[in-house]
Amino acid sequence: MVLIDEEQLDMPPSYGSQEYWNKRFTTEPEPFEWLEAPDVLDPFLRDAIDRSDDPNPALLHIGCGTSMLSYHLRTIVQEPNRIHNLDYSDVAIDLGRKRETELCNDERFEDQQCGCSATSECMRWDAVDILDHQSLLGACKPGAYSVIIDKSTSDCIACCDQVHIRLPYAVDAWSESPTNMDLRRSPEPVHPLHILAVHLALISKPRARWIALSYSGDRFPFIDGLYSSRPHLPGFPDTGTLWKLLDKREMQSEKEPTVDVNGDRVIHRAKTSHWMYALERTEMPLFVRGGHL
Ligand SMILES: C[S@@+](CC[C@H](N)C(=O)[O-])C[C@H]1O[C@@H](n2cnc3c(N)ncnc32)[C@H](O)[C@@H]1O
């Protein structure tokens, strides 16, 4: 049997596959930045930290990949151990942890006074699948985080296949009328961004901010006010009641437009723009069936 690489067939890469990311980070271990430079979200992150009820808020960086944003985040918090980096690629997590140890001796971090040395890491790093509630709860406590940082990770998750869940789902909203525990026997397909919204809501504090940078101006199906775009499944939370949109801005890319001369054809690459979303966690409580809360 001949195995043909996707690149050879000119197909788009499988951004929704864990295998794709592990392979990519193994062959390309150097830092790589999706969409924009690590400091592009600074004003929104600083605002989220300043407005937090917690004087020492916990930050969750989802799908950190090999972005330098993890290390840049250390410059905007008091204590780097309040930063928790997650990725489902254990290759990316191992690289990130190793790189932090190396950077701890770098003079750029001297003014951090975080007490770290070449042998002690400061930030938290965990290989976690954020679409799997058990994997997530193995590393993150419910109601723990004040700020979620998402640089193109929702874009990647939007490329995943539908998640098939059994109802009632393991994470649900409190309700006056108890859910029928024998709702359906066959798994229901749910768009992965709804699963992400429920999982992130579970581990966030009320009024926590989810700051996302995306290439899409229509990234989150649960914040457009359209009730019809949310799943109506008994035993699964209404994601539109968990997060509300505070701010959405189009941001011009810092990268300069390019002109390529290819034979006698001239290809102009126009300046691109991306979207910043600031979402706020509502007060709607969630619980985990059979434990944890
Ligand atoms: C488009 S890359 C963005 C990487 C980085 N945030 C950046 O800006 O360069 C998406 C990242 O999300 C991670 N990822 C995708 N699905 C995930 C999941 N279900 N759980 C955890 N990480 C995931 C991938 O491994 C990859 O590192």
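Look above for the structure.
Conventions we followed
- Residues numbered from 1 in each chain as written.
- Predicted model: local features only at pLDDT ≥ 70, side-chain atom pairs only at ≥ 80, totals over all residues.
- Heavy atoms only, no water.
- Helix = DSSP H or I, 4+ residues; strand = E, 2+ residues; numbered from the N terminus.
- Contact = heavy atoms within 4.5 Å.
- Areas by Shrake-Rupley, 256 points an atom, 1.4 Å probe, with all protein chains shown as cover.
- Axes fitted to C-alpha atoms, helices over the stretch in contact; angles between N-to-C directions.
- Nonpolar A, V, L, I, M, F, W, Y, C, P; charged D, E, K, R; others polar.
- Near = heavy atom within 4 Å.
- Polar contact = N/O pair within 3.5 Å; in protein donor to acceptor, adjacent residues only side chain to side chain.
- Buried < 20%, exposed > 50% of the residue type's maximum accessible area, 1.4 Å probe, protein only.
- Salt bridge = Lys/Arg side-chain N within 4 Å of Asp/Glu carboxyl O.

### Quick word on the overall build of the chain
- Across its full length, the chain carries 7 helices and 13 strands.
- Put simply, 78% of the contacts in the chain that link residues at least 6 apart link residues at least 24 apart.
- Split by element, the accessible area of the chain, about 15400 Å² in all, is 50% carbon and sulfur.

### Section: the packing of helix H1 (residues 18–27) against helix H4 (residues 90–103)
- In the contact formed by H1 and H4, the axes pass within 8 Å of each other and the chain directions differ by 35 degrees. For the pair formed by H1 and H4, the contact residues are Asn22, Phe25 and Thr26 on the first element and Asp90, Val91, Ala92 and Leu95 on the second.
- When the residues that make up the contact of H1 with H4 are grouped by side-chain class, the tally is 4 nonpolar, 2 polar and 1 charged.

### Focus on the site of the ligand
- Near the ligand there are 20 residues, and of these Trp34, Gly63, Asp87, Asp129 and Lys151 occur at the shortest range.
- In this structure, Ile130 approaches the ligand through a main-chain N or O atom, which is 3.1 Å from a nitrogen atom.
- Taken together, the elements giving at least two residues each to the shell around the ligand come down to H1 and helix H6 (153–158).
- Of the residues forming the shell around the ligand, the biggest block, 3 residues, is contributed by H6.

### Describing the environment of Tyr169
- For Tyr169, the location among the structural elements is in the loop between strand E5 (163–165) and strand E6 (171–173).
- Exposure remark for Tyr169: the relative accessible area of 7% places this residue in the buried category.

### A few points about the side chain of Ser67
- You can see Ser67 is positioned in the loop between strand E1 (59–62) and helix H3 (69–73).
- In this structure the side chain of Ser67 is engaged in a polar contact, spanning 2.9 Å, whose partner is the backbone nitrogen of Leu69.
- The residues contacting Ser67, other than those within four sequence positions of it, are Phe32, Glu33 and Lys151.

### Some thoughts on the pattern of salt bridges
- Enumeration according to the criterion identifies 16 salt bridges in this entry.
- As a salt-bridge pair, Asp172 and Arg289 come within 2.9 Å of each other at their nearest N and O atoms. Highlighted residues: Asp172 in strand E6 and Arg289 in the segment after strand E13 (286–288), separated in sequence by 117 residues. Residues Asp172 and Arg289 agree in their burial class; the two are buried.
- The closest approach of N and O atoms between Arg207 and Glu283, which form a salt bridge, is 2.5 Å. Taken together, the positions of Arg207 in strand E8 (residues 204–214) and Glu283 in the loop between strand E12 (273–281) and E13 put the pair 76 residues apart, joining distant regions of the chain.

### Details of unusual backbone geometry
- Of the consecutive residues Leu167 and Pro168, the connecting peptide bond is found in the cis state with omega at -5 degrees.
- As for its position among the elements, Pro168 is in the loop between E5 and E6.
- With a phi angle near 65 degrees, Ser152 is a residue other than glycine that sits in the positive phi range.
- The exposure class of Ser152 is buried, given its relative accessible area of 9%.
- In this structure, Arg207 is a non-glycine residue whose phi angle is positive, near 70 degrees.
- Residue class for Arg207 comes out partly exposed when judged on its relative accessible area of 40%.

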